[in-house]
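# Breakdown of the fold
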Amino acid sequence: MVPALAIADELRASGADVSFIGTRERAEAELVPAAGYDISHLSVSGLDRRNPLRAALAIVRATRAVVSSLRLLRRTRADAVLAAGGYVAGPVGVAAVLSRTPLVLSESDSHLGLANRLLAPFARTVCLSFPIEGRDGKRYLVTGRPVTRAIRDARRDDARARLGIAAAARCLFVFGGSLGARSINLAAIEAFGEQQSFVVVHVSGRRDFPELSRRLERLGRPPHYRLYEYLDSLADPLAASDLVLARSGGSVFEIAAAAKPALLVPYPHATASHQRDNARWMADAGAAVAIDDSRLDRALLSRMVPDLLADDERLASMSSAAAALARPDAAERISGELLRAGEKSQPAPQDFGEKSQPAPQDSGDWSARRLHFVGIGGAGMSGLALIARRLGAQVSGCDRAESAYTAMLRESGIELSIGHSPEHVHPGMEVVVSTAIPDDGPELLAAREQGVPILHRGELLSEVASLRRLIAVSGTHGKTTTAAMAAHALVACGVDPSFLIGAELRGDSDGGAANASWGDGGWLVAEADESDRSFLRLSPEIAVVTNLELDHHTTYGSLVELEQAFHDFLTRVPKGGSAVLWDRPELRTLVPEGIRAVTYDVLDEADATSHAPYLGARSLRAQAGGVGFELWRSGERISEVRLPVPGRHNVLNALAALAASELAGCDLEQAACSLAGFRAAGRRFELRGESRGVRVFDDYAHHPTEVVATLDAARSLQPQRLIAVFQPHLYSRTRHLHRELGRALVGADVVVVLDVYAARERPEGELAGVTGKLVAESSADHAPGREVWWLPTLDEAHAMLSPRLSAGDLVVTLGAGDVDRLAEWLVADLDGGAQT
């Protein structure tokens, strides 16, 4: 089930709806619902060739199961079917063939099982964990065996902290299967039950746990030996360990993905000797030592394990070999095959409204234009309004409420109104809107009635961008901070850039801040927004792609569709231009020919990678509220960098900004040194106040990946208690990601969840019933014993938190809505309390 669940997680992250078909008797009956998926059950059994009566009964059940599967496929309107093994794979696969539903097969072992052998001729793709002789036509794709993101993303230090293992201690991880491996269980506890110089983490399985537990009791429960009956995930023990002792079933791919040296003991009765083949695969590569089950005993382990754990050079070599075997993208590749198999006609690109006659693009003189911005108080719209005013246009605007930007707009001479009305629209003007503005808004209705041109924000940004050489910063996460850092570096290098950023770029000690500026230099730094495909209007000379993850589920139906959009974006870079990319294969493959790819990453000396990025950061360390690191370029150390904002994610943002700055003509060392004076952009881990020993930060994080990164950064500041207040943003995002959001929030000691900030959406249709309570329940499920509060309103959260804050607390408000108001209120309470 582990591979199937890993694929399902990738599909769900791509916006797909996923359901399972299984049996009530096997592991899926528990594991699938626990992972948050629906499952339907069939009554099927294995084919017992030794007993004709049982074999005949199994065939009858399988025939009935095919009929039931046909009904289930029709009911769920399945676009594609994955047969991932187990008793139900045959009947469901046959039903897919009969109903002409695209079928993809996944084979976890080093040979095709019976069902997959029968179904392979009818499948669109057969995804193999290992190369199989004779299975090499274009129908067959060697993907490796899928592993969960938790395995790939687990960090050694964090895992050891959760398991209570000292940083310097050596650790052996022992495990078998769900029932356990008896020979391994007994040999391990006999060899290592008495005091050792290393820690043993042993997951025994349910069958042997009582006996092993009694043996440990007789030994006085030695503190070095951690015995578990079962763990939901192997991620933490694998990440925390230095050596693994295990069977060699499908878990060899988890071991490889975690880059762990291993002692593998193949189960001697495994079908077609596949465990022996798996162990040989690892051993031949130098990643493991294969031990015959008949030779496994206390004496052998007592000799081999301590010797290996004391041999740093051998462990490092085996770790590198394991990493080289890993196929961490297996789940993504198989989910991609499924999405392509079930693809229907793509939705037409969004219509951004009526086209206006473009302004002259050679002079930048907009004095003849009258622009009215609907939703002018937003981060993006206010910046465009300021630039338009700077270019000479007559600018007005309206919004439903005051915002952080409205005072700045008024100070610049822009007329704006609070509230919406058709009276704001007059002949001779152009109405500028963003995707957040509903089609039936009063200004839009009036503009259509009067024949007034309507411009989407993306159209106007494209016009502005045509007047400068463009650095466009795109990606799911980190756009604002990366763009702010790039603009800061360019300013420090004397380039005098223009910039359009989705938050205030903080000034120096005078406290000045702005989200837009029109400099005299030749470069413009702007965020390229994929949320509504408007970034496809830009043609940047330098395109930055920070990362890629499905976030906007109403725009993109799948990760494949999102990847295609980013590829299309990069094709708009002219020949000779550059793409700055986080060093990930899924991003590098997006770059078209003729475009220079400049990659960056955090460098880990322990990683075994064959592809070295152009810019890298080494030796990360926390420093006075921020992070320091060494900057390397093409294997050469450039300088020491001090970044006054914390978090590994901000180091990545800084590398992207430095790469773009260098391409724009900055001296790299000068740009790197300038980052010591960078101040966090508004609402990007922004310190809102500190009083009475309590620190209050605010952050725009609204996606699970962003929430995890922000809480990790907050934790690096070593608070006594970390309190996270999360406001979900959009009903659609909450519907798709509430489980992941809840899991992300467990990085805090206290979790407070507010109701959904609706923005442009309404809780209707498939969004009916979606509330922030879904996130709170998920967080409570993933963090038993921790405080999780469901407080729908800002007032309720304020009333609960304010009297409970004490010295050593760090509060971070999270979300893309108006949760920053709560941060402001808490700071005011603390300051007031300090004065009394």
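Computed from a predicted model, the values in this text were never measured in an experiment. (Residues numbered from 1 in each chain as written. Predicted model: local features only at pLDDT ≥ 70, side-chain atom pairs only at ≥ 80, totals over all residues. Heavy atoms only, no water.)

Scanning the protein chain from terminus to terminus reveals 29 helices and 33 strands. Considering the protein chain as a whole, with its 836 residues, one finds that 54% of them fall into the buried category. Looking at the protein chain alone, contacts between residues at least 24 apart form 66% of all its contacts between residues at least 6 apart. Of the roughly 35600 Å² that the protein chain leaves accessible, carbon and sulfur atoms contribute 48%. Within the protein chain, one finds 90 positive and 106 negative side-chain charges whose respective centroids are separated by 7 Å. (Helix = DSSP H or I, 4+ residues; strand = E, 2+ residues; numbered from the N terminus. Buried < 20%, exposed > 50% of the residue type's maximum accessible area, 1.4 Å probe, protein only. Contact = heavy atoms within 4.5 Å. Areas by Shrake-Rupley, 256 points an atom, 1.4 Å probe, with all protein chains shown as cover. Lys, Arg positive; Asp, Glu negative; His and termini not counted. Charge placed at Lys NZ, Arg CZ, Asp CG, Glu CD.)

The parallel open sheet is built from five strands, whose spatial order is β15-β14-β13-β16-β17. Two strands close off the open sheet at either side, each with one partner strand: β15 (415–418) and β17 (454–456). Within this sheet the neighbouring strands show an average axis-to-axis angle of 20°, counted without direction. Sheet topology note: the strand β16 (residues 430–433)/β17 ladder contains three bridges and is parallel. From the neighbouring strand, V432 faces β17, where its bridge partner is L455. Here helix α16 (residues 379–390) sits on the sheet in contact with β13 (370–374), β14 (394–399) and β16, set at roughly 170° to β13. Strand contacts of helix α18 (residues 442–450): β13, β14, β16 and β17, with the helix running at about 130° to β17, the strand carrying the most contacts. (Pairing = 2+ DSSP bridges. Axes fitted to C-alpha atoms, helices over the stretch in contact; angles between N-to-C directions.)

Turning our attention to the pattern of salt bridges. Counting across every chain of the model gives 39 salt bridges. The salt bridge partner of D242 is R170, with a shortest N-O separation of 3.6 Å. Of this pair, D242 sits in the loop between α10 (235–240) and β10 (243–246) while R170 sits in the loop between α7 (156–163) and β7 (171–175), placing them 72 residues apart in sequence. D583 is paired through a salt bridge with R588; the nearest N and O atoms lie 2.5 Å apart. Residue classification places D583 among the buried positions, given a relative accessible area of 7%. Among the charged side chains, a network of salt bridges with common partners joins R182, E190, R207, D208, E211 and R215. (Salt bridge = Lys/Arg side-chain N within 4 Å of Asp/Glu carboxyl O.)

What follows covers the packing of aromatic side chains. Any pair of aromatic rings gets described here by the distance separating the centres and the angle formed by the planes. The final tally for this structure, using the stated rule, is seven aromatic pairs. Geometrically, the ring pair formed by F173 and F175 is stacked, given 4.8 Å between the ring centres and 25° between the ring planes. Assigned by exposure class, F173 and F175 land together as buried. One aromatic cluster is present, formed by F535, F566 and F569 through successive ring pairs. For R206, the ring lying beneath its charged end belongs to Y230, and the centroid distance is 4.9 Å. We note R618 situated over the ring of W632; from NZ or CZ to the ring centre the distance is 5.1 Å. (Phe/Tyr/Trp six-rings, centres within 6.5 Å; stacked < 30°, edge-to-face > 60°. Lys NZ or Arg CZ within 6 Å of the ring centre and 35° of its normal.)

Our focus in this paragraph is the side chain of H424. As for its position among the elements, H424 is in the loop between β15 and β16. The exposure class assigned to H424 is buried, which follows from its relative accessible area of 16%. Residues in contact with H424, not counting those within four places in the same chain, are H372, C398, S417, G419, M429 and E443.

A few words now on the pairing of strand β1 (residues 19–22). On β1, burial follows the alternation: F20 and G22 on one face are buried, whereas S19 and I21 on the facing-out side are not. Bridging between β1 and strand β2 (residues 38–41) involves four bridges; their strand directions are parallel. By the bridge assignment, G22 is partnered in β2 with H41. In the classification by handedness, the crossover that spans β1, the intervening helix α2 (residues 28–34) and the parallel β2 is right-handed. (Right-handed = clockwise from strand over helix to strand, strands pointing away.)

Further remarks concern the sheet that holds strand β3 (residues 81–83). One open sheet holds the four strands; their spatial order is β3-β4-β5-β6, and the pairing between them is parallel. One side of each edge strand has no neighbouring strand; the edge strands of this open sheet are β3 and β6 (140–142). Averaged over neighbouring strand pairs, the angle between their axes works out to 25° when direction is ignored. Looking at chain direction, β3 and strand β4 (residues 103–107) are connected through three bridges and run parallel. Pairing of A83 across the sheet is with L105, part of β4. This element, helix α15 (residues 330–341), spans β3, β4, β5 (125–128) and β6 of the sheet and lies at about 165° to β4.

If you look at the biggest cluster of nonpolar residues, it comprises 54 residues, and the most contacted ones within it are W366, L371, F373, L460, V464, L500 and L570. The residues touching L570, leaving out its near neighbours within four places in the chain, are A543, V545, A579, L581, L590, V591, P592 and I595. Of all hydrophobic cores here, the second largest spans 47 residues; its members include A483, V525, V598 and V641. (Core = buried A, V, L, I, M, F, W, Y, C linked by side-chain atoms within 4.5 Å.)

Position of S213 among the secondary structure elements: in helix α9 (residues 209–218). Exposure remark for S213: the relative accessible area of 13% places this residue in the buried category. Beyond its immediate chain neighbours, meaning those up to four positions away, S213 contacts R221 and L227.

Moving on: the environment of V751. Checked against the element boundaries, V751 lands in strand β31 (residues 750–753). For V751 and S779, which are 28 residues apart along the polypeptide, the C-alpha to C-alpha distance reads 7.9 Å.

Turning next to the confidence of the model for the protein chain. Interpretation of this model should avoid reading the predicted coordinates in detail wherever pLDDT is low. In the predicted model, the protein chain carries a mean pLDDT of 86, and 93% of its residues have values of at least 70. Taken element by element, the protein chain is modelled with least confidence in helix α3 (residues 52–76), mean pLDDT 78, and with most confidence in strand β22 (residues 542–545), mean pLDDT 97. Ignoring residues within four places in sequence, the model shows residues 344–363, a span with pLDDT below 50, making 32 contacts including any to other chains. Low pLDDT, under 50, characterises residues 508–512; the stretch is placed with five contacts to residues that sit more than four places away or in other chains. (pLDDT = per-residue confidence, 0-100.)

So, on to the packing of helix α8 (residues 182–192) against α9. It is at 11 Å that the axes of α8 and α9 come closest, and there the two elements cross at 5°. What the angle tells us is that α8 and α9 run roughly parallel. Residues R182, N185, L186, I189 and E190 of α8 touch α9, and the partners they reach there are E211, L212, R215 and L216. Of the residues contributing to the contact of α8 with α9, the split by class is four nonpolar, one polar and four charged. (Parallel < 35°, antiparallel > 145°, perpendicular 65-115°, else oblique. Nonpolar A, V, L, I, M, F, W, Y, C, P; charged D, E, K, R; others polar.)

The terminal C-alpha atoms of helix α20 (residues 479–492), which comprises 14 residues, lie 20 Å apart, in line with the 20 Å expected from a rise of 1.5 Å per residue. Here α20 lies mainly inside the structure; 12 of its 14 residues are buried. The complete set of buried residues in α20 reads K479, T480, T481, T482, A483, A484, M485, A486, A487, H488, A489 and L490. Looking one or two residues past α20, G494 carries a phi angle of roughly 80°, positive in sign. (Expected span 1.5 Å × (residues − 1).)

What follows deals with α18. For α18, the full list of buried residues reads E443, L444, A446 and A447. Seen end-on, α18 carries its buried residues on one side only, within an arc spanning 165°. Buried positions along α18 lie against β13, β14, β16 and β17. Remark: G451 follows α18 within two positions and exhibits a positive phi of approximately 70°. (Arc of directions from axis to C-beta.)

Turning to the packing of helix α26 (residues 731–744) against helix α27 (residues 773–782), a few remarks are in order. Contact geometry for α26 and α27: axes closest at 7 Å, N-to-C directions at 30°. The orientation of α26 with respect to α27, classified from their angle, is roughly parallel. Here α26 and α27 pass one another in a crossing that is right-handed. In this structure, α26 contributes T734, H738, R739, L741, G742 and R743 to the contact, and α27 contributes L774, V775, S778, S779 and H782. Split by residue class, the contact of α26 with α27 holds three nonpolar, six polar and two charged. (Left-handed = near helix turned anticlockwise from the far one by under 90°.)

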